[in-house]
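Spelled out, the chains give:
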Amino acid sequence: MARLVDSPLILGWGHTAFGKHVDDTLESLIVSAGREALADAEVDPADVDLIVLGQFNSGINPLGFASSLALQIDDSLFGTPALRVENACASGSAAVHTGLAHLMAGSAQTVLVIGAEKMSGVPASTVGAALLGADYDAAGTVSETGFAGLFAEVAVEYERRYGPVGDVLGRIAAKSHRLGAQNPYAHLRKDLGEEFCSTVSDRNPMVAAPLRRTDCSPVSDGAAALVLGSTATSSQHPAVQVAGWASANDFLPKSKRDPLAFAATRLAWDKALAAASIALSDLDLVELHDCFTIAELIMYETIGLAPQGQGSRAIDEGTVLPGGALVVNPSGGLKSKGHPVGATGVSQHVLASMQLTGTFPGTQIPQARLAAVHNMGGLAVANHVSVLAATE
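Residues numbered from 1 in each chain as written. Predicted model: local features only at pLDDT ≥ 70, side-chain atom pairs only at ≥ 80, totals over all residues. Heavy atoms only, no water.

Things to note about the overall build of the protein chain
Okay, so step 1: Summing up its helical and strand segments, the protein chain has eleven helices and twelve strands in all.
Okay, so step 2: Computed over its C-alpha atoms, the radius of gyration of the protein chain comes to 19 Å, within 12% of the 21 Å expected for a compact globule of 392 residues.
Okay, so step 3: Each principal axis of the C-alpha distribution contributes one length, and for the protein chain these read about 60 × 45 × 40 Å.
Okay, so step 4: Per element, the accessible surface of the protein chain, about 14,500 Å² overall, is 52% carbon and sulfur.
Okay, so step 5: Considering the protein chain, the positive charge centre built from 24 side chains and the negative charge centre built from 39 side chains are found 5 Å apart. (Helix = DSSP H or I, 4+ residues; strand = E, 2+ residues; numbered from the N terminus. Rg over C-alpha atoms; globule rule 2.2 N^0.38 Å. Areas by Shrake-Rupley, 256 points an atom, 1.4 Å probe, with all protein chains shown as cover. Lys, Arg positive; Asp, Glu negative; His and termini not counted. Charge placed at Lys NZ, Arg CZ, Asp CG, Glu CD.)

Description of the pairing of strand β4 (residues 111–117)
Okay, so step 1: Burial analysis of β4 places seven of its seven residues in the buried class, the great majority of the element.
Okay, so step 2: The two faces of β4 match: Val-111, Val-113, Gly-115 and Glu-117 on one face and Leu-112, Ile-114 and Ala-116 on the other face are all buried.
Okay, so step 3: Where strand β2 (residues 50–54) lies against β4, five bridges are found, and the strand directions are parallel. Along β4, the bridge assignment pairs Ile-51 with Leu-112.
Okay, so step 4: Note: β4 against strand β7 (residues 222–229), seven bridges, orientation antiparallel. Residue pairing for β7: Leu-112 is matched across the bridge by Val-227. (Buried < 20%, exposed > 50% of the residue type's maximum accessible area, 1.4 Å probe, protein only. Pairing = 2+ DSSP bridges.)

With respect to the environment of Asp-40
Okay, so step 1: In this structure, Asp-40 sits in helix α1 (residues 26–41).
Okay, so step 2: Distance from Asp-40 to Asn-383, taken between C-alpha atoms, is 29 Å for residues 343 residues apart in sequence.
Okay, so step 3: Among residues more than four places away in sequence, those in contact with Asp-40 are Gly-12, Trp-13, Ser-234, Gln-236 and His-237. (Contact = heavy atoms within 4.5 Å.)

Structural notes on the pairing of β2
Okay, so step 1: Burial analysis of β2 places five of its five residues in the buried class, which makes it a mostly covered element.
Okay, so step 2: Side chains of β2 alternate between two faces, with Leu-50, Val-52 and Gly-54 and Ile-51 and Leu-53 buried alike.
Okay, so step 3: Bridge count for β2 against strand β3 (residues 82–85) is four bridges, and the pairing is parallel. Bridging from a neighbouring strand, Val-52 pairs with Leu-83 of β3.

What to know about the pattern of salt bridges
Okay, so step 1: Enumeration over the complete set of coordinates arrives at ten salt bridges.
Okay, so step 2: Asp-221 serves as the salt-bridge partner of Lys-118, at 3.3 Å between the closest nitrogen and oxygen. Taken as a pair, Lys-118 in the loop between β4 and α3 (124–132) and Asp-221 in the loop between β6 (211–212) and β7 lie far apart in primary sequence, 103 residues in all.
Okay, so step 3: Two residues, Lys-175 and Glu-296, come together in a salt bridge whose shortest N-O distance is 3.0 Å. With Lys-175 in helix α5 (residues 166–180) and Glu-296 in helix α8 (residues 293–302), this pair connects stretches of sequence that are 121 residues apart. Judged on exposure class, the residue Lys-175 and its partner Glu-296 are both buried.
Okay, so step 4: Through salt bridges that share partners, Glu-157, Arg-160, Arg-161 and Asp-258 make up one connected network. (Salt bridge = Lys/Arg side-chain N within 4 Å of Asp/Glu carboxyl O.)

Focus: the packing of α5 against α8
Okay, so step 1: Put simply, α5 and α8 touch, their axes get as near as 9 Å, and they point 100° apart. As far as their axial angle goes, α8 and α5 are roughly perpendicular. Here Val-168, Leu-169, Ile-172, Ala-173, Lys-175 and Ser-176 of α5 come into contact with α8, specifically with Thr-293, Ile-294, Glu-296, Leu-297 and Tyr-300.
Okay, so step 2: Partitioned by chemical class, the residues of the contact of α5 with α8 number seven nonpolar, two polar and two charged. (Axes fitted to C-alpha atoms, helices over the stretch in contact; angles between N-to-C directions. Parallel < 35°, antiparallel > 145°, perpendicular 65-115°, else oblique. Nonpolar A, V, L, I, M, F, W, Y, C, P; charged D, E, K, R; others polar.)

Here it is, written out as C-alpha cells:
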C-alpha cells in the first residue's frame, strides 16, 4: 500500500556554478548536479523512485528527449521512471511541484528533481527565438530585443502610470550585483555600484528602453538538483520542510492581462502562504524571479511589500536589503546569479534551503527560519510559489 507523506522534506541538494560552460553538455550538467544532490542527501541512487527533470529547451538543444539523461548518474538508476517537465521559465519549480505531488500521493517515497539548461554554444538568435516561444503574441516572430522588449513594454506602462523608473531599477540591479558578487554559484560576480547600473554607457547600453544591460539577466548554462523524501537522511545538515506550495496560471494573450497586476502570481503567492499558515511578515527571505529588474520592482508590490506604484519604497527604505524586514534575492537573483531557464526554479529551492540550514556560501541571512521561492514562466503567466521552513 502506498504510504502517504504528511510533511515533505528536501533532504539534500547539488548546484553547479552558473555561467558559460564551454566544456560541459546538458548531460554533464545534469549528472554533476544530480550526483552531488544524492551524495549530499546520503541517498543511494538505487533508492530513488522517480526522477523529474525541469528543462525548457524549446529548440535550444537538439535533444528533445532529455529525461533519461539523469540515469547516467549511476547505473543503478536503470528502470527508474523519469519524466521531463516544461513550463517556460518556471520549468524548474514545476518539476519540484511535480515531485511533491508524487511524494504526497504515495506513488514515490524518494524523488530526485533536477533542473538544467545548456544555453551557450548556439546562436543568440536561436536562444532568442526559443524564449519568445513562451509568449503568445511574439512566438514565431523576429525580434532584436527578445523578451527584454516585452518587459520593456511593462516598464514603459509602469512609467506611464507612476513615473520614471530608471534610478530605482538601477538600485535594484546594484543590489543584485552586490549580493551576487558574494555567491560562488553566480554567473556575474562583480559589484558594479548604483551609478554604473543607473547610467547608460558603452559598457551598459540600452537594450530596450528603459531597460539597460544591467536590468537584464544573462543567458547562462547550469544545473541544480534536490532530493525529496519524508525522513531526514543527511548527516551534513538538517532537512528542510516544504511547508506549503501553490501554482497559478494567467491567460496567455497579453490582451487579457493587466501587465502590472501579476494577478496569477499574487494568487499563487497567497495560496502558498495560506497552505503554510504564515503571513508575509513571518518570512525571513524570498528568492523571487527577477529576470528583469522591472519584474522585481513589480513583485515588491505584488507580494505586499509596498503599495501599488510605490515599489521603490521597498529598496529605498532598506526593506529588501540584508538586515531589512524581508531580504529579497540574497543569492543575487536571476539578474546576477544567471538564468539557465530550466535550472532556475530548482536553484531557488536549493539556495533557499542552504539559507535555512546555515550552509549558504554567500551572504547568509542570520537565523533564517522561513523562506519563500517564486518562479514564473512567461510574463507572469505560469507562477509557482513554495514556502520552505527550517527543521532545526
